[in-house]
Amino acid sequence: MVDQTADTAATRWSEAEAKAKYKAARKAFAACVVRAETVSRGAANVESETNQHFWASVLFTRLVVTAKTIQMLSPELHLDAHWDFSAVASITRNLAECYLFFYFLCIDNVSLDEKNARIILLNLHDNASRKKLFDETRVQEDDAETVALKAAVHDNLVRKFNANAYLSSLPKKQKRELIKGEKTPFIQDKVIERTTIDKGNFRFLYRFFSQHTHSGPVAFYRMAEHGRGRGFQSHLDTVYMVLALEFARDLIERATVEMLSLFPNAETRGGAFMRIISTVKAASKKKTDRRKGR
């Protein structure tokens, strides 16, 4: 995990140091994304032994896709390259949230009852989120059949909730809140504390990236004075990109190791698949070059 804040890094690094660190961070991130993609492909089409295996395959795929997007938005140091740190910050924040879901649902070492409870909470949260979303666009009340179907879905989740030994043992007030499903089924800090992530560093960077995600004042104050956020490379944007890439790399590397704990042969299987893809791409390029007379 990175060990410096945005402010201290910006004042400590010279322009040359910032560029050198950016090149190194970009290269290291690309390497970890390749490994993660290899593991992801190797875990594909493998029967899920548990709910945790299933959701790990879903969430790890999302992590890899998001990481590749960050990679695409991290330009080389060319004069005509487009720089948008706020976009990278937003997606890096999304990556962090996805990692916490991945750890909470699939990796955290808790009892089987609590593992199953977390899946139930996920489904309650999903159901409540969809209801809130579609209530925004509803122009008329649901008919009786639709109301009954929605109630049946919710009632089924409540039955599962009450049948789970971990959830049924919680205080009444907490159970009422959880059954509503209106909030994310975990508190970020509590999940972070169960990992080896530096919580203080995580919280600082998460809040920093959030300012860019929501266009908070930190994202746009003193843009002109600092020469940042204008679409081309600047000292501060370079420093901030390093912080984002190192933060994202740490999460992807953690997730990759944890994914392999669930799918031990994924890297080997994925490596064979990636070699086939590489061979096909090379043959296709050679064929294209011949057509163009190269």
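Caption draft 1: The arrangement of the packing of aromatic side chains in detail. All told, the structure shown has 17 aromatic pairs when counted by the stated rule. Relative to Phe186, the ring of Phe104 lies with its centre 4.9 Å away and its plane at 40 degrees, an arrangement referred to as tilted. Residue Phe104 is located in helix H4 (residues 85-107), and its partner Phe186 is located in the loop between helix H8 (172-180) and helix H9 (188-193); the two are separated by 82 residues in the primary sequence. For Phe186, a relative accessible area of 12% puts it in the buried group. On the numbers, 5.6 Å between centres and 65 degrees between planes, the contact of Phe209 with Phe247 is edge-to-face. Pair noted here: Phe209 is in helix H10 (residues 199-213) and Phe247 is in helix H13 (residues 235-262), with a separation of 38 residues, a long-range link.

Caption draft 2: The arrangement of the confidence of the model for the protein chain in detail. For the protein chain, per-residue confidence averages 90 on the pLDDT scale, and residues scoring 70 or more make up 93% of the total. The element-level mean pLDDT for the protein chain is lowest in helix H1 (residues 6-12), coming to 66, with H4 highest at 98.

Caption draft 3: Structural detail: the packing of H4 against helix H5 (residues 112-135). The N-to-C vectors of H4 and H5 enclose an angle of 135 degrees; their axes lie 8 Å apart at closest approach. Taken as axis vectors, H4 and H5 run oblique relative to one another. On H5, the residues that touch Phe101, Phe104 and Leu105 of H4 are Arg118, Ile119 and Leu122. Of the residues contributing to the contact of H4 with H5, the split by class is five nonpolar, no polar and one charged.

Scoring rules and cut-offs
- Residues numbered from 1 in each chain as written.
- Predicted model: local features only at pLDDT ≥ 70, side-chain atom pairs only at ≥ 80, totals over all residues.
- Heavy atoms only, no water.
- Phe/Tyr/Trp six-rings, centres within 6.5 Å; stacked < 30°, edge-to-face > 60°.
- Helix = DSSP H or I, 4+ residues; strand = E, 2+ residues; numbered from the N terminus.
- Buried < 20%, exposed > 50% of the residue type's maximum accessible area, 1.4 Å probe, protein only.
- pLDDT = per-residue confidence, 0-100.
- Axes fitted to C-alpha atoms, helices over the stretch in contact; angles between N-to-C directions.
- Parallel < 35°, antiparallel > 145°, perpendicular 65-115°, else oblique.
- Contact = heavy atoms within 4.5 Å.
- Nonpolar A, V, L, I, M, F, W, Y, C, P; charged D, E, K, R; others polar.

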